[in-house]
Amino acid sequence: MRRNRSADWVRRLTSESSLSANDLIWPMFVQEGYSERTPVPSMPGVERLSIDLAVEATGIAWEILNAQRQHEIIHFAGKMA
């Protein structure tokens, strides 16, 4: 029996999940001090960062997101050619 997916809401409900940068959340915890990192025991891989390190990490994340966007633009332009 063929499923009836003629309605938009049914197609969205039954479509496969997709993950994009808009879906990601980066937990960042800031602490006082300079060049200090403190692991968060309940969240493996997450650290509390001093403000200087938080600013540096945010800059790196921004560069990564911009590189990803540039890649998407190039990939899209390649499809249009």
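Calculation criteria
Residues numbered from 1 in each chain as written. Predicted model: local features only at pLDDT ≥ 70, side-chain atom pairs only at ≥ 80, totals over all residues. Heavy atoms only, no water. Pairing = 2+ DSSP bridges. Helix = DSSP H or I, 4+ residues; strand = E, 2+ residues; numbered from the N terminus. Patch = residues over 30% accessible without salt bridge, like charges linked within 9 Å, V, L, I, M, F, W, Y side chains within 5 Å. Areas by Shrake-Rupley, 256 points an atom, 1.4 Å probe, with all protein chains shown as cover. Salt bridge = Lys/Arg side-chain N within 4 Å of Asp/Glu carboxyl O. Buried < 20%, exposed > 50% of the residue type's maximum accessible area, 1.4 Å probe, protein only. Polar contact = N/O pair within 3.5 Å; in protein donor to acceptor, adjacent residues only side chain to side chain. Axes fitted to C-alpha atoms, helices over the stretch in contact; angles between N-to-C directions.

Undergrad: An account of the pairing of strand E3 (residues 47-50) is requested, with residue identities and associated values reported.
TA: Here strand E1 (residues 29-31) pairs with E3 via three bridges, running parallel. Each residue of the ladder has a partner; that of Val30, found in E3, is Leu49.

Undergrad: Tell me about a nonpolar patch on the surface, and name the residues and values.
TA: Together, Val30, Ile51 and Val55 make up a nonpolar patch on the protein surface, roughly 290 Å² of accessible area in all. The residue Val30 is located in strand E1 in this model.

Undergrad: Give me the lowdown on the pattern of salt bridges, citing residues and values where you can.
TA: Tallied over the full model, the rule gives one salt bridge. With a closest N to O distance of 2.8 Å, Glu47 and Arg37 form a salt bridge. Of the two residues, Glu47 is situated in strand E3 and Arg37 in strand E2 (residues 37-39); the sequence distance between them amounts to 10 residues. You can call Glu47 partly exposed: its relative accessible area is 30%.

Undergrad: Can you lay out the side chain of Ser50 for me, pointing to particular residues and giving the numbers?
TA: Positionally, Ser50 belongs in strand E3. Within the structure, the side chain of Ser50 is placed 3.0 Å from the backbone nitrogen of Ser35, a separation counted as a polar contact. Within the structure, Ser50 has its side chain in polar contact with the side chain of Asp52 (distance 2.5 Å).

Undergrad: Outline the sheet that holds E3, supporting the account with residue identities and numerical values.
TA: Overall, mixed pairing links the three strands, which are arranged E1-E3-E2 in an open sheet. For this open sheet the edge positions go to E1 and E2, each flanked by a neighbour on one side alone. Direction aside, the axes of adjacent strands within the sheet are offset by 30° on average.

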